[in-house]
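Each chain, letter by letter, is given below.
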Amino acid sequence: FRSLQEALYYWRRAVEELLSDATGIMLFGPAALFSTLDLAIQTSLEVMPSADTDYYPPWRMRLRENLRLLDQQGGWFPVADAVFRGDADRARRVNDRVQFIRSLVAADSDKTEIGRSRLAARAYEEVEKTVAVGHVYLLNDCGLAAHRPTAVTLYERLPVLVERLEHRIPPNAFERTVGDTRAASFAEILNAAWLYKLSVSPFDQATGQLDPNGVAARN
C-alpha cells in the first residue's frame, strides 16, 4: 500500500507540474519557454523526483515538453529577422538561445535518473499518457484553444512593441498612428520583453567583456 501511494504521488506531482507548464506555453508561447529556462539553469536539470524535492519532475523533462508543445503547434522557431526590423544579429541571438534549449533536451539523462527507481519509472510511463490527454482537456474543455496565440499573428505585431522597449516605452500599446488605440495583449507584452532581452548582447563586441550598458538594457 505504501508503494502504491508513493507511485501515485510520483504520477500526480509530475502531471500537475507538466500541465501547469503546458498552460503557460498555450497562453504565452515562447515567453513561457524562456522563463522556464531561466529557472531551470539555476539548479540541476535532472534532480530525481523524491520527497526532498516534493516529487517535482526534472527540469530537463519540463523544458523538453515545453519545446515539444511549441514545435507541435509550429511556426515559432526560428524567429524571423523581421521581428527586429531586419536586424539579423538580434534574431540570431534569440535563435541561439532556442538551439541551446534544444541541446539541453536532446540529452536523456533525466530519464536515466528516473529509471533508477522502478517505482518512479512505472509511474512516469503513465505520466506521458495522462499529459497527452491533459493537453486536449486544457485546449478544448478549459477553452485555452480560443486564447492560444499563433506565431503568425503574434510575431506580426511584435516589431512595434520591441521598438517601444528600445526607446524605454512600455510595450503595452501599438499607437502607430494617432488613431491607432490598440492595446497589446499580455502574451504580446511578455514575448516582446523576452525577445528584446535575448536579442540584446550583454557583452562588448570588441573586448568580449560584460558591457554595463548592455546588461542595463537587458535588465
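Everything here concerns the structure above.
Here's what I pulled together on the structure shown here. Remember, it's a predicted structure, so these values are computed and weren't measured experimentally.

The next subject is the pattern of salt bridges. Inspection of every chain in the model, using the stated rule, returns 21 salt bridges. Close ionic contact of R12 with E16 constitutes a salt bridge, the shortest N to O distance being 3.1 Å. Residue R12 and its partner E16 are both found in helix 1 (residues 2-28); the two are separated by 4 residues, about one turn of the helix. Given the relative accessible area of 39%, R12 is considered partly exposed. Residue E16 is classed as partly exposed on the basis of its relative accessible area of 35%. For R13, the salt bridge is made with D54, and the minimal N-O distance between the two is 3.3 Å. Taken together, the residues R13 in helix 1 and D54 in the loop between helix 2 (30-40) and helix 3 (59-73) connect sequence positions 41 residues apart. A relative accessible area of 34% places D54 in the partly exposed class. Through salt bridges that share partners, R12, R13, E16, E17, D21, D54 and R62 make up one connected network.

Cut-off values and rules
- Residues numbered from 1 in each chain as written.
- Predicted model: local features only at pLDDT ≥ 70, side-chain atom pairs only at ≥ 80, totals over all residues.
- Heavy atoms only, no water.
- Salt bridge = Lys/Arg side-chain N within 4 Å of Asp/Glu carboxyl O.
- Helix = DSSP H or I, 4+ residues; strand = E, 2+ residues; numbered from the N terminus.
- Buried < 20%, exposed > 50% of the residue type's maximum accessible area, 1.4 Å probe, protein only.

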